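# Understanding the architecture of this molecule
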Amino acid sequence: MSTALESLDGVSLLADLDPTRREAIAKQCRWKKYNSSEQIIDRQSETRDVFFVISGSARVVIYSQSGREVTLDDVPTGGFFGELAALDGAPRSASVMSISESLVASLPPEAFLRVIRENPSVAMLVLGRLTAIVRAATDRILDLSTLGANNRVQAEILRRALDAKEDEDGNAFISPIPVHGEVASRVSTTRETVARVLNDLARKGIVRRERDALVVTDLGRLEIMVADMSA
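Remember, predicted model here, so these are calculated numbers, not experimental data. (Residues numbered from 1 in each chain as written. Predicted model: local features only at pLDDT ≥ 70, side-chain atom pairs only at ≥ 80, totals over all residues. Heavy atoms only, no water.)

### Re helix α3 (residues 109-118)
Considered for burial, the residues of α3 that qualify are P109, A111, F112, V115 and I116. All buried residues of α3 project into a common sector of 165° when viewed along the axis, lining one side. Considering only its buried residues, α3 is in contact with α1 (19-26), β3 (50-55), α2 (83-88), β8 (102-107) and α4 (120-146). (Buried < 20%, exposed > 50% of the residue type's maximum accessible area, 1.4 Å probe, protein only. Helix = DSSP H or I, 4+ residues; strand = E, 2+ residues; numbered from the N terminus. Arc of directions from axis to C-beta. Contact = heavy atoms within 4.5 Å.)

### Looking at the packing of helix α5 (residues 149-163) against helix α6 (residues 180-187)
Each pair of packed helices can be summarised by the angle the axes make with each other and by the distance between the axes. As a packed pair, α5 and α6 sit with axes 10 Å apart at the nearest point and diverge in direction by 110°. Here α6 runs roughly perpendicular to α5, going by the angle between their axes. Within the contact between the two elements, α5 uses R152, V153, E156 and R160 and α6 uses E182, V183, R186 and V187. Tallied by class, the residues present in the contact of α5 with α6 amount to 3 nonpolar, no polar and 5 charged. (Axes fitted to C-alpha atoms, helices over the stretch in contact; angles between N-to-C directions. Parallel < 35°, antiparallel > 145°, perpendicular 65-115°, else oblique. Nonpolar A, V, L, I, M, F, W, Y, C, P; charged D, E, K, R; others polar.)

### Focus: unusual backbone geometry
The omega angle of the peptide bond from S175 to P176 is 0°, so this bond is cis rather than trans. Structurally, P176 is set in the loop between β10 (172-174) and α6.

### Some thoughts on the packing of aromatic side chains
One pass over the full model with this rule turns up 1 aromatic pair. When the ring centre of F80 is taken as origin, the NZ or CZ atom of R129, which lies over that ring, is 5.5 Å away. (Phe/Tyr/Trp six-rings, centres within 6.5 Å; stacked < 30°, edge-to-face > 60°. Lys NZ or Arg CZ within 6 Å of the ring centre and 35° of its normal.)

### Focus on the packing of α5 against helix α7 (residues 191-203)
Look at α5 against α7: their axes get within 9 Å of each other, and the N-to-C directions meet at 65°. By the angle between their directions, the pair α5 and α7 is classed as roughly perpendicular. In this structure, α5 crosses over α7, and the sense of that crossing is right-handed. Facing α5, whose interface residues are A149, N150, V153, Q154 and I157, α7 presents T193, V194, R196, V197 and L198. A per-class count over the contact of α5 with α7 returns 6 nonpolar, 3 polar and 1 charged. (Left-handed = near helix turned anticlockwise from the far one by under 90°.)

### Describing the sheet that holds strand β5 (residues 69-75)
The 4 strands lie next to each other as β2-β7-β4-β5, forming an open sheet whose pairing is antiparallel. Of all strands in the sheet, those with a lone pairing partner are β2 (39-41) and β5, marking the two edges. Across the sheet, the mean angle from the axis of one strand to that of its neighbour is 35°, orientation sign disregarded. Where strand β4 (residues 58-63) and strand β7 (residues 95-98) come together, 4 bridges link them in antiparallel fashion. Bridge assignment links A58 to a residue of β7, and that residue is S98. Taken strand by strand, α6 contacts β4 and β5, and its axis lies near 100° from that of β5. (Pairing = 2+ DSSP bridges.)

### Some words on α1
Looking at α1, one finds that the buried residues are R22, I25 and A26. With its buried residues spanning 100° around the axis, α1 presents them on a single face. Tucked inside the fold, the buried residues of α1 contact β1 (30-34), β8 and α3. Looking at where α1 begins, the residue whose side-chain oxygen comes 2.8 Å from the main-chain nitrogen of T20 is D18. (Polar contact = N/O pair within 3.5 Å; in protein donor to acceptor, adjacent residues only side chain to side chain.)

Written as structure tokens, this is what we have:
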């Protein structure tokens, strides 16, 4: 039997499987703990395992030739990554690092492909994940092609605000407060640009900083600013 620590019960991709089937898959995994900011996989490596985040979280990144980090995605507890290399056999398309102390299970590609073939529900979830990757890449290409750096920061704050909780007055609370470097990594700009844009939004009364959240106080105005720049 797998221990409580070495269980795949919280993995969203495998949620529809019978517990006995998940236990059998868990026995095929390698389990490893990672410290915060520790590399899990390296871009261009030849490994093809698929990884499940059992606890903690991970970040998918690539680096420019100048060394600038570009964030592609964050993978929370219960998420998975590494499926592209398992599916096509090509080298890794990005690096992955732990955001916090994490426990990760890695499943060999042959076992992952067998799970897909034998479980249509898992196959559909993988297809959904691939679709989301394509859509996110399309949005990012559009932003990079049509928006300046300042406007990309505004668009990123808007995206986070739309995903955040709103109070009865329509204020959106982005928590934790976005780290300038992490926002810069997502929209391919600098920390200084992010700081300048946030300060400008604050002066205009569109955002305010609280102890544990960035509050978007005028979501409609921010939407108009981003829409105008995208037109």
